[in-house]
Amino acid sequence: MMPLFAFAAASREQAANRLAELREQLNYHAYRYYVLDDPLIADVEYDRLFQELLHLEERYPELITPDSPSQRVGGAPLAEFAQVTREIPMLSLENAFGDQDLRDFEERLHRFLHTKEPITYVAEPKLDGLAVELIYEEGLLVLGATRGDGVTGEEITANLKTIATVPLRLRPPAKGTLPARLAVRGEAYLSLAGFKELNAQRAQNDEALFANPRNAAAGSLRQLDPKVTAQRPLAFFAYGVDDPAPLPCRTQHELLQYLATCGFATNPHTKRCPDLDAVIAHFHHLATIRHDLPYEIDGMVVKVDDFSVQKRLGTKARSPRWAIAAKFPASQATTRLIGVEFGVGRTGAITPVAILDPVEVGGVMVGRATLHNEDEVRRKDLRLGDTVLVQRAGDVIPEVVKPVSEQRRGNETPIRMPTTCPECGHPLVRPAAEAVTRCVNPACPAQRLRSLIHFASKAGMDIEGLGKKVMEQLVQEGLVRDIPDIFRLTAAELAPLDGWGEKSAAKAMAAIGARKETTLAKLLAAIGIRHVGEVTAQLLEEHFGTLTALLHATEADFLEVAGIGPQVAASLADFFSDPAARQMLATLQELGLTVAAPPTSRAGRLNGTLFLFTGTLAHFSRSEAKARVKALGGQVASAMSSKVTHLVCGDKPGSKLAKAQAQGTTILSEAEFEELVGS
Ligand code: IVH
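Structure report, in brief. This structure is a prediction, so every number in the text was calculated from the model and none was measured.

Time to look at the overall build of the chain. Looking only at helices and strands, the chain has 25 helices and 26 strands in total. Oriented by its inertia axes, the alpha-carbon framework of the chain measures out at about 90 × 75 × 50 Å. Out of the 679 residues in the chain, the part that is buried amounts to 49%. A separation of at least 24 residues holds for 66% of the contacts in the chain among residues at least 6 apart in sequence. Counting every atom, the chain has about 33000 Å² of accessible surface; 52% of that belongs to carbon and sulfur. Across the chain, 75 positive and 84 negative side-chain charges occur, with their mean positions spaced 2 Å apart.

Among the nonpolar cores identified, the biggest contains 54 residues, and Phe455, Ile486, Ile527 and Phe558 are the most heavily contacted of them. In this structure, Ile527 is in contact with Phe455, Ile483, Phe575, Met584 and Leu585, ignoring residues within four places of it in sequence. Listed in part, the 36 residues of the second largest apolar core include Tyr121, Tyr189, Cys273 and Met300.

As a packed pair, helix 12 (residues 445-456) and helix 13 (residues 468-476) sit with axes 9 Å apart at the nearest point and diverge in direction by 130°. Of the possible angle classes, the one that applies to helix 12 and helix 13 is oblique. The way helix 12 lies across helix 13 gives a crossing that is right-handed. Residues Leu449, Leu452, Ile453 and Ala456 of helix 12 lie in contact with helix 13, whose contacting residues are Lys468, Met471, Glu472 and Val475. Split into classes, the residues belonging to the contact of helix 12 with helix 13 amount to six nonpolar, no polar and two charged.

The subject of this paragraph is the sheet that holds strand 26 (residues 666-669). Strand order across the open sheet formed by four strands is 24-23-25-26, with parallel pairing between neighbours. Here the strands that pair on one side only, and so sit at the sheet edges, are strand 24 (635-636) and strand 26. The strands that helix 23 (residues 622-631) touches are strand 23 (610-614) and strand 24; relative to strand 23, the one it contacts most, it runs at about 165°. The sheet contacts of helix 25 (residues 670-677) involve strand 23, strand 25 (646-649) and strand 26, and relative to strand 26 the element is tilted by about 95°.

So, on to unusual backbone geometry. The backbone phi angle of Asp381 is positive, close to 50°, even though this residue is not glycine. Mapping Asp381 onto the fold places it in the loop between helix 11 (374-380) and strand 15 (383-384). The class for Asp381 is partly exposed, based on a relative accessible area of 35%. Non-glycine residue His531 carries a positive phi angle of around 70°. Residue position: His531 is located in the loop between helix 17 (520-526) and helix 18 (534-544).

Further remarks concern the site of the ligand. Close to the ligand lie 15 residues, the nearest being Glu124, Ala131, Glu187, Tyr239 and Lys303. Glu124 places a side-chain nitrogen or oxygen 2.6 Å from a nitrogen atom of the ligand. Of all the cavities here, the one that holds the ligand is the second largest pocket. Elements supplying a minimum of two residues to the shell around the ligand: strand 3 (121-127) and strand 10 (297-304). It is strand 3 that provides the largest number of residues to the shell around the ligand, a total of four residues. In terms of residue class, the shell around the ligand is made up of nine nonpolar, one polar and five charged.

By the definition in use, this model includes 17 aromatic pairs. Ring geometry for Phe455 against Phe487: centres 6.2 Å apart, planes inclined by 90°, an arrangement best described as edge-to-face. Of this pair, Phe455 sits in helix 12 while Phe487 sits in the loop between helix 14 (483-486) and helix 15 (491-494), and the two are 32 residues apart along the sequence. The class for Phe455 is buried, based on a relative accessible area of 0%.

What follows deals with helix 12. An α-helix turns once every 3.6 residues. As a result, residues three or four positions apart point the same way. Between the first and last C-alpha of helix 12 there are 17 Å, a value that for twelve residues agrees with the 16 Å anticipated at 1.5 Å per step. The complete set of buried residues in helix 12 reads Ala446, Gln447, Leu449, Ser451, Leu452, Ile453, His454, Phe455 and Ala456. Buried positions along helix 12 lie against strand 12 (332-344), strand 20 (438-439), helix 13, helix 14 and helix 17.

For the rest of this paragraph, the subject is the sheet that holds strand 3. Read from one edge to the other, the open sheet built from five strands follows the order 2-11-10-3-9, with strand pairing classed as mixed. A strand with exactly one partner marks an edge of an open sheet, and here the two such strands are strand 2 (95-96) and strand 9 (271-273). Relative to strand 10, strand 3 is paired through seven bridges, and the arrangement is antiparallel. Each bridged residue has a counterpart across the sheet, and for Glu124 the counterpart in strand 10 is Val301. Across the sheet, helix 8 (residues 252-261) is in contact with strand 3, strand 9 and strand 10; its angle to strand 3 comes to roughly 55°. Where helix 9 (residues 276-289) meets the sheet, its contacts fall on strand 3, strand 9, strand 10 and strand 11 (323-327), and the angle it forms with strand 10 comes to roughly 165°.

Bridging between strand 25 and strand 26 involves four bridges; their strand directions are parallel. Each bridged residue has a counterpart across the sheet, and for Leu647 the counterpart in strand 26 is Ile667. Following the chain from strand 25 across helix 24 (residues 655-663) to the adjacent parallel strand 26, one finds a crossover that is right-handed.

Next up on the list: the packing of helix 1 (residues 12-35) against helix 2 (residues 43-59). Close contact between helix 1 and helix 2 brings their axes to 10 Å; oriented N to C, the two are set at 145°. In this structure, the crossing between helix 1 and helix 2 has a hand that is left-handed. Residue-level contacts link Ala15, Arg18, Leu19, Leu22, Arg23, Gln25, Leu26, His29, Ala30 and Tyr33 of helix 1 to Asp43, Tyr46, Leu49, Phe50, Glu52, Leu53, Leu56 and Glu57 of helix 2. Each residue belonging to the contact of helix 1 with helix 2 can be placed in one class, and the counts come to eleven nonpolar, two polar and five charged.

Taken as a whole, the second largest pocket spans an internal volume of roughly 1300 Å³. Taken together, 50 residues form the lining of the second largest pocket, with Leu91, Arg185, Tyr239, Lys303 and Trp322 sitting closest to its centre. At the level of secondary structure, the elements contributing two or more residues to the lining of the second largest pocket comprise strand 3, strand 4 (130-137), strand 7 (181-190), strand 8 (234-241), helix 8, strand 10, helix 10 (307-313) and strand 11. When residues in the lining of the second largest pocket are grouped by element, the largest group, five residues, is from strand 8. Considering only residue class, the lining of the second largest pocket consists of 23 nonpolar, 14 polar and 13 charged.

This brings us to the environment of Val401. When you line up the elements, Val401 lands in strand 17 (residues 399-403). For the pair Val401 and Lys380, spaced 21 residues apart in sequence, the C-alpha to C-alpha distance is 7.9 Å. When neighbours within four sequence positions are excluded, Val401 is seen to be in contact with Gln332, Lys380, Leu389, Val390 and Gln391.

The rules behind these values
- Residues numbered from 1 in each chain as written.
- Predicted model: local features only at pLDDT ≥ 70, side-chain atom pairs only at ≥ 80, totals over all residues.
- Heavy atoms only, no water.
- Helix = DSSP H or I, 4+ residues; strand = E, 2+ residues; numbered from the N terminus.
- Buried < 20%, exposed > 50% of the residue type's maximum accessible area, 1.4 Å probe, protein only.
- Contact = heavy atoms within 4.5 Å.
- Areas by Shrake-Rupley, 256 points an atom, 1.4 Å probe, with all protein chains shown as cover.
- Lys, Arg positive; Asp, Glu negative; His and termini not counted.
- Charge placed at Lys NZ, Arg CZ, Asp CG, Glu CD.
- Core = buried A, V, L, I, M, F, W, Y, C linked by side-chain atoms within 4.5 Å.
- Axes fitted to C-alpha atoms, helices over the stretch in contact; angles between N-to-C directions.
- Parallel < 35°, antiparallel > 145°, perpendicular 65-115°, else oblique.
- Left-handed = near helix turned anticlockwise from the far one by under 90°.
- Nonpolar A, V, L, I, M, F, W, Y, C, P; charged D, E, K, R; others polar.
- Pairing = 2+ DSSP bridges.
- Near = heavy atom within 4 Å.
- Polar contact = N/O pair within 3.5 Å; in protein donor to acceptor, adjacent residues only side chain to side chain.
- 1 Å grid on protein atoms, 1.4 Å probe; cavity = no way out; pocket = protein on both sides within 12 Å on 5 of 7 lines; lining within 4 Å.
- Sits in = over half its atoms within 2 Å of the grid points.
- Phe/Tyr/Trp six-rings, centres within 6.5 Å; stacked < 30°, edge-to-face > 60°.
- Expected span 1.5 Å × (residues − 1).
- Right-handed = clockwise from strand over helix to strand, strands pointing away.
- Points joined across faces, edges and corners; volume = space filled by probe spheres on them.

In structure tokens:
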């Protein structure tokens, strides 16, 4: 291995060799981590290799290859997707609902094959994601596309490259050699955890929630900006190829093994079944474990194992004869829509909520379901009194899918959206570009309560013990009307309240006191500026540093912050030009709230310097020390020259020290270096 610090002087050829080595190591370790879930090295070691790769690629951009792990971060945004036409279409599957449909399936196979012999099958979980195809040429991923209508799909290569379980280069298979071209098909999906995290983030940023992981996966992959896709925790399971004929595989289960050795993740709950009874048994098994899986499955795909038998069976217009999708009974139910309530969110968004005749859906009683927004109500043409289809997807809030129009009796009545706020009576507005109707009354009690709850919540100031219930009580009791009131509370006011006592009052006071010293990012995320969540708040803190600077900023200034677009900038300008908001911030400061100065921005502090290290450092690894210098804008040299501006001396400095002294280079001890770059 070439030493880390030698690259500044390394030749292009050495860099190319080292990069090839790094690519291979990094891709291998990513495979161990993401596909096998069995990492060989620590995360920090991986990061170190990755940093080394990035630095080398930065220096020699012409050496960046399409299979470099750096290419997973997402490239330039697209204006539109290109179309991809395939010769061997991606087919769909016929559905089987229950055991009898599966027996009928086998009977059709027997008839077609003129045999009664048992057939060997492979039964695979049917993931609910997005079918995609990945084309590899000479082992290199060259194209990725959605299924589309089967023949024509959309080219989403850059987006698919961001998925950690999509190999950028194939590993040599255990059997045979890599074919010149390989078209792998499979399902791109979002885990339930990833889905929840994504929706939580969106809720915080006041963005529309995804109804289920499938929609979230599809939405994430059909992003024109791959950088957005890269932020989404997508994964991929391979389940087939366009044509197995050229491969050294005679059966589906051999193919899955082959794909696994090439570096793909294949589903571990796949089972080879010697007969249909085994298939049915596995179907029931999957139905019992489906809710324990980290991703959503909506059934099981049954495939005839033997490719020669598949070939004899052939395909129909849209689906193969040799496979079928056994679907689980859906977590859906029908019931009556008896009313609609309108909720008011923290930003004034009006959300219609369906009141239902309580019904069991997937084992849970459901009496309320979200209708998302006005457009959804219109689009679905829902009416009061309708029989409606209700569903639960994953752990998501139940939703109304559609009315069962065939069951209309004529006495159903249209749903009227309110024109005034259901909580405060203020006229509602609906900005032309938005799907959301809002109450814009800053004094609206419902909005106030929600924003107070948000302020104290984990996503806001994280005041322990001041959860939703407590906040409702404090508002009810008239103790808290606005955010500053929280800091005016006293133990004497709290202790006599229902369910409180001296102890809990003292505890709450301590929790509030502990948050008086806060950071700009926390405060910004807590005060409920529309479209400003934790991430944006952090960007603002990094850019502006102090509250005073923010209070002087204009819309144009906000637009200058990397990562902030026109919508957010407008919302910020609106907020900070509102005298009531400015007054609130001033009051908070009068009440003792202090915004800790963020670490002074140090980026660029070492611009124009060239550092050289000699001897052994006690408190830094070389790579860490180097990273610090680079982070502050400095460069690192590998050998002494007249260009070196700073020599950092560890233990046993060697000959470089004498040279540096001779040419008047600044010489730093490790302690001095530490002070310079911060610990
Ligand atoms: S095989 C010719 N295997 O189900 C075979 N499909 O209608 C066609 N799906 O959206 C596909 N898991 O993406 C196959 N293990 C699996 C699958 C699977 C999910 C999806 C597929 C497509 C739909 C088929």
